[in-house]
Amino acid sequence: ELQKSMRGTARVQSMSPDGARLYTLYTLKRDGRSYAFVHVLSLAEDELWAHCIDLPASFSQSAQSATALTLAPDGGRLYVANAHADAVVEVDTETLAVTRTGTVDLDEGERAYATYGADSTLFVASGWKVLAIGVRDLKVVRSWKMLLPVTGIQGGGGSKLYVGQAQRIAILDRSSGKRLGEVDPPGIGTISRLGKVMRGLGSVRTEIVCAC
């Protein structure tokens, strides 16, 4: 059954922490109506299956780039946020169903970003705004306006939050939003994504080799 064509447009994905599942946002049009859903693909060798989780209708009315996916560290919950719909939903990855929906107030930027903080806080960003959302009730507990548009977001160890801004990364305190510093490496180009490495770095070449 997995060899059938998957119709729709896919641009946003998130991998489970253990690499056993791939969650992909799809949108499609059928009979003049638009639909948005998360396609769950099992990557385990002994579990070849796929499943689709329908999202609220408001998620299908905006560009895919305005939607962000992120998982809890244990992989038990998937969070889907949409900047244009000002909405965030929680998906139970065991029952494969939407369990809760919350309303937020995001900037309507072209792209949305999300990351799960170590303190059980969901961070969602779009445009110039970063929101801290409590996962217990999916309500905004803090929000900050950045000086430049956000181009990526990632939770770090301890109390730090990393926010991509064009060609630099701002380091914020997760609790207060206070700017702790920044990383501004030369020649990296525009930052389009901040995320975890999905494989170990042991096999990566550590020596500089000249190719002339």
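My aim in this report is to walk through the structure given alongside it, one point at a time. Sequence order as written defines residue numbering, which begins from 1 separately in each chain. Local features in a predicted model are, by the rule used here, given only for residues with pLDDT of at least 70; side-chain atom pairs are given and counted only at 80 or more, and totals for whole chains, interfaces and linings are based on all residues. The side-chain numbers reported here are obtained from all heavy atoms of the structure, hydrogens and water having been left aside.

### A closer look at the environment of Val91
Phase 1: Secondary-structure assignment places Val91 in strand β7 (residues 87-92).
Phase 2: Along the primary structure Val91 and Gly76 are separated by 15 residues, whereas in three dimensions their C-alpha atoms are 8.5 Å apart.
Phase 3: By definition in these notes, contact holds between two residues if any of their heavy atoms fall within 4.5 Å. When neighbours within four sequence positions are excluded, Val91 is seen to be in contact with Ile53, Gly76, Arg77, Leu78, Ala97, Val98 and Thr99. Going along the chain from the N terminus, every DSSP run of H or I of four or more residues is numbered as a helix, and every run of E of two or more is numbered as a strand.

### Focus on the environment of Thr99
Phase 1: Mapped onto the secondary structure, Thr99 falls in strand β8 (residues 97-103).
Phase 2: Separated by 10 residues in sequence, Thr99 and Val89 have C-alpha atoms that sit 7.5 Å apart.
Phase 3: Setting aside anything within four residues of it in sequence, one finds Thr99 in contact with Glu90, Val91 and Asp92.

### Here we look at the pattern of salt bridges
Phase 1: One side-chain nitrogen of Lys or Arg within 4 Å of one carboxyl oxygen of Asp or Glu is enough to make a salt bridge. Summed over the entire model, instances satisfying the criterion amount to five salt bridges.
Phase 2: The salt bridge partner of Arg100 is Glu90, with a shortest N-O separation of 2.8 Å. Of this pair, Arg100 sits in strand β8 while Glu90 sits in strand β7, and the two are 10 residues apart along the sequence.
Phase 3: By sharing partners, the salt bridges in this structure join Arg168, Arg179 and Glu182 into a single network.

### Thoughts on the packing of aromatic side chains
Any two aromatic rings considered together are summarised by their centre-to-centre distance and by the angle between their planes.
Phase 1: Each aromatic pair joins two rings of Phe, Tyr and Trp (for Trp, the six-membered one) with centres within 6.5 Å, and gets the label stacked for planes under 30 degrees apart, edge-to-face for over 60, and tilted for any other angle. In total, this model carries three aromatic pairs according to the counting rule given.
Phase 2: Centroid distance Tyr26 to Phe37: 5.6 Å. Interplanar angle 5°. Geometry classified as stacked. One end of the pair, Tyr26, is in strand β2 (residues 21-30); the other, Phe37, is in strand β3 (residues 33-42), and 11 residues separate them in sequence. Both residues of the pair, Tyr26 and Phe37, count as buried.
Phase 3: On the numbers, 6.3 Å between centres and 20° between planes, the contact of Phe123 with Trp144 is stacked. With Phe123 in strand β10 (residues 121-126) and Trp144 in strand β12 (residues 139-145), this pair connects stretches of sequence that are 21 residues apart.
Phase 4: Summary of the burial criterion: residues with accessible area below 20% of their type's maximum are buried, those above 50% are exposed, and those between are partly exposed, where the area comes from a 1.4 Å probe applied to protein chains only. Judged by its relative accessible area of 0%, Phe123 is buried.
Phase 5: Judged by relative accessible area, which is 12%, Trp144 ranks as buried.

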